[in-house]
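# Breakdown of the fold
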Amino acid sequence: MERMRSNRHPLKFYFVLFIVVAVILLFASFLLDTYLKRKEANNITFLFLAILVVSLGLLLAYKIFKTCPTVKITESDIYINKVSYKLSYIKSIKFADKHFHPLFRDYLEGAKIVFKNNRAVCIYDDFYSNAADLKVFLDYKLNNKIIYTVEEKSGEISNQDLAFNSYKENPFFSLRNILYLIIVILITILILNKSLSSAYFLSFSCLAFFMTMFIYFNYYFELNDDYIIIKNHILFWKKTAYSTKDIREVVLRRGGNLGSRGGKPNHIKIILADYKVKSYYAASINEKTWLKFAKDIKKLKIKIR
């Protein structure tokens, strides 16, 4: 392969962008409708607000696209949108780190390329479906590194006699999980009682969302010198194993308070040798167990961030 082009993620980029733009347009249409109903009063405030909201929406969409440029890598060049640079013009590159996103005002995982003219370009992992492949290809072009593809091990690992330390708590003792369950039960009751018959689609969407969150936030872990095992309290039949030899780096984050800005639960990001990033959230694990897990994982010969 002599060239590679970036692909924006269909869900994490395009779908999220669609939802944001749709909400903005719905709000603008509400303002425009209000203006049309009050048109005889010669009040153009709502018309002005509608135009302003649409303009801000278009600006936001442009800014989002600007922070997620099209990247194309060839034999000797790299293209950022339509601007080309020689690969030799790259001053420095960090393949895996947290980088500040000016629009979201937060730090996101990804690669950062700095050119000799000091222009910096970030390839945020969540925005691209092939971010890992881009990094592998660029690493090969710059450093002549051939990086093997890491295969996840699902189900039982080969050696049944391996001993593992387990890091888990009862998922129903977590405040976050209790809240999600209450919401799921209430929505289910309302749907069964046909109290939400006029908004079935919205009701089922909310139910699916909170059930997904309940599953997504309920991983727990097992660990020994050779493997990190990922399990889920709800999807109890599912198990994924990562060999410690295949892990480039591990990012450990303690959770924030429920409702706070960025208040996600405890979570781990596993960055594999081929730059793939796997994230797992553990809402049920209390602080004591999480600190023990962090302490034990630091004993492994893996870079910790």
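Residues numbered from 1 in each chain as written. Predicted model: local features only at pLDDT ≥ 70, side-chain atom pairs only at ≥ 80, totals over all residues. Heavy atoms only, no water.

### Concerning the pairing of strand E13 (residues 247–253)
Of all the seven residues making up E13, five are buried; the element is thus mostly covered by neighbouring parts of the structure. Where E13 meets strand E14 (residues 267–272), six bridges bridge the pair, whose relative direction is antiparallel. Looking at the pairing, Ile 247 lines up with Leu 272 of E14. Where E13 meets strand E16 (residues 303–304), two bridges bridge the pair, whose relative direction is parallel. Opposite Val 250, over in E16, you have Ile 304 as the bridge partner. (Buried < 20%, exposed > 50% of the residue type's maximum accessible area, 1.4 Å probe, protein only. Helix = DSSP H or I, 4+ residues; strand = E, 2+ residues; numbered from the N terminus. Pairing = 2+ DSSP bridges.)

### Re helix H3 (residues 131–143)
Along an α-helix, residues three or four positions apart point the same way, because every turn accommodates 3.6 residues. Under the 1.5 Å per step criterion, the end-to-end length of H3 is 18 Å for 13 residues, consistent within 8% with the ideal 18 Å. Within H3 the residues assigned to the buried category are Ala 131, Ala 132, Leu 134, Lys 135, Val 136, Phe 137, Leu 138, Asp 139 and Lys 141. Asn 144 sits one or two positions beyond H3 and adopts a positive phi of about 60°. (Expected span 1.5 Å × (residues − 1).)

### Regarding the sheet that holds strand E4 (residues 83–86)
Strand order across the open sheet formed by four strands is E1-E2-E3-E4, with antiparallel pairing between neighbours. Only two strands of the sheet have a single partner each, and these edge strands are strand E1 (4–5) and E4. Inspection of the sheet shows strand E3 (residues 77–80) paired to E4 by four bridges, in the antiparallel sense. When the bridges of E4 are listed, Ile 78 appears paired with Tyr 85.

### So, the environment of Phe 137
Tracing the backbone shows Phe 137 in helix H3. Separated by 10 residues in sequence, Phe 137 and Ile 147 place their C-alpha atoms 8.9 Å apart.

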